[in-house]
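Structure at a glance
Single-letter residue listing:
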Amino acid sequence: MMKEGTPIDLFRGQTTISMQRTTRLLFGTAGALKSARISESFYWIPSVMKLSGVDGVLGDTGDTTQNNVFCLQATIAGDHRDPNDGINKVWLSADSRVRRRWHFVLVCEDHLQARLLVDDFARRLRGFTLGQRRVNVQVWACVLPVR
């Protein structure tokens, strides 16, 4: 996530999008996340806050009208926590100008695990929205082999 270059491909069924990598690391407080500007990409690893189901957050600038916020969950462990509370805490901690397109991404070791988990979490998050404007959260998976 912290290496600039080729975007990471995300998928859900036959639909794909790309997540742009960044080298801008925000340190672990909610204040650091609040300081993220809409025109900058960032990677935030929460070290102070406990975010159930969220291991990190990547913001990319995309085009100027569709900035993305990706809440990430690494799926190496057998336990895959529901991310609802964690995503909501990120939403509340982020500057309102950063609140554009929100995504939940399962970072998996292989394609089979990714396909199973993206279907499972899409069901779990069906109807889940953020804020008074009821912003939807899209569920995606990507494969980043550990080896």
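Model, not experiment: these values are computed from the prediction. (Residues numbered from 1 in each chain as written. Predicted model: local features only at pLDDT ≥ 70, side-chain atom pairs only at ≥ 80, totals over all residues. Heavy atoms only, no water.)

For strand β5 (residues 56-60), the buried fraction is high: 5 of the 5 residues fall into the buried class. Every second residue of β5 is oriented toward a common face, with Gly 56, Leu 58 and Asp 60 on one face and Val 57 and Gly 59 on the other, all of them buried. Here 3 bridges tie strand β4 (residues 42-44) to β5, and the two strands are oriented antiparallel to one another. Counterpart to Tyr 43 in the pairing with β5 is Leu 58. As defined by bridge partners, β5 adjoins strand β6 (residues 68-74) across 5 bridges and the pair is classed as antiparallel. The residue bridging Leu 58 from the neighbouring strand is Phe 70, located in β6. (Buried < 20%, exposed > 50% of the residue type's maximum accessible area, 1.4 Å probe, protein only. Helix = DSSP H or I, 4+ residues; strand = E, 2+ residues; numbered from the N terminus. Pairing = 2+ DSSP bridges.)

On to the nonpolar core, then. The biggest cluster of nonpolar side chains holds 31 residues, and the ones touching the most others in it are Trp 44, Ile 87, Val 90, Trp 102 and Phe 104. Listed by contribution, the elements that provide at least two residues to this core are α1 (30-34), β4, β6, α2 (84-93), β7 (101-108), α3 (111-124) and β9 (135-143). Among the nonpolar cores identified, the runner-up in size contains 11 residues, and Ile 8, Met 19, Leu 58 and Cys 142 belong to it. (Core = buried A, V, L, I, M, F, W, Y, C linked by side-chain atoms within 4.5 Å.)

As a further point, take the side chain of Asn 68. Position of Asn 68 among the secondary structure elements: in strand β6. Here the side chain of Asn 68 touches His 103 through a polar contact of 2.8 Å, side chain to side chain. The contact partners of Asn 68, leaving out residues within four places of it in the chain, are Leu 58, Gly 59, Asp 60, Arg 101 and His 103. (Polar contact = N/O pair within 3.5 Å; in protein donor to acceptor, adjacent residues only side chain to side chain. Contact = heavy atoms within 4.5 Å.)

For α3, spanning 14 residues, the distance from its first C-alpha to its last is 20 Å, which sits close to the expected 20 Å at 1.5 Å a residue. Those residues of α3 that sit buried are Gln 113, Ala 114, Leu 117, Val 118 and Phe 121. For α3, the angular spread of buried residues about the axis comes to 120°, placing them on one side. More than 90 degrees from the buried face of α3, the exposed residues found are Leu 112 and Leu 116. If you follow the buried residues of α3, they end up packed against β1 (8-12), β6, β7 and β9. Between the side-chain oxygen of the N-cap and the backbone nitrogen of Leu 112 there are 3.2 Å, and the N-cap of α3 in question is Asp 110. (Expected span 1.5 Å × (residues − 1). Arc of directions from axis to C-beta.)

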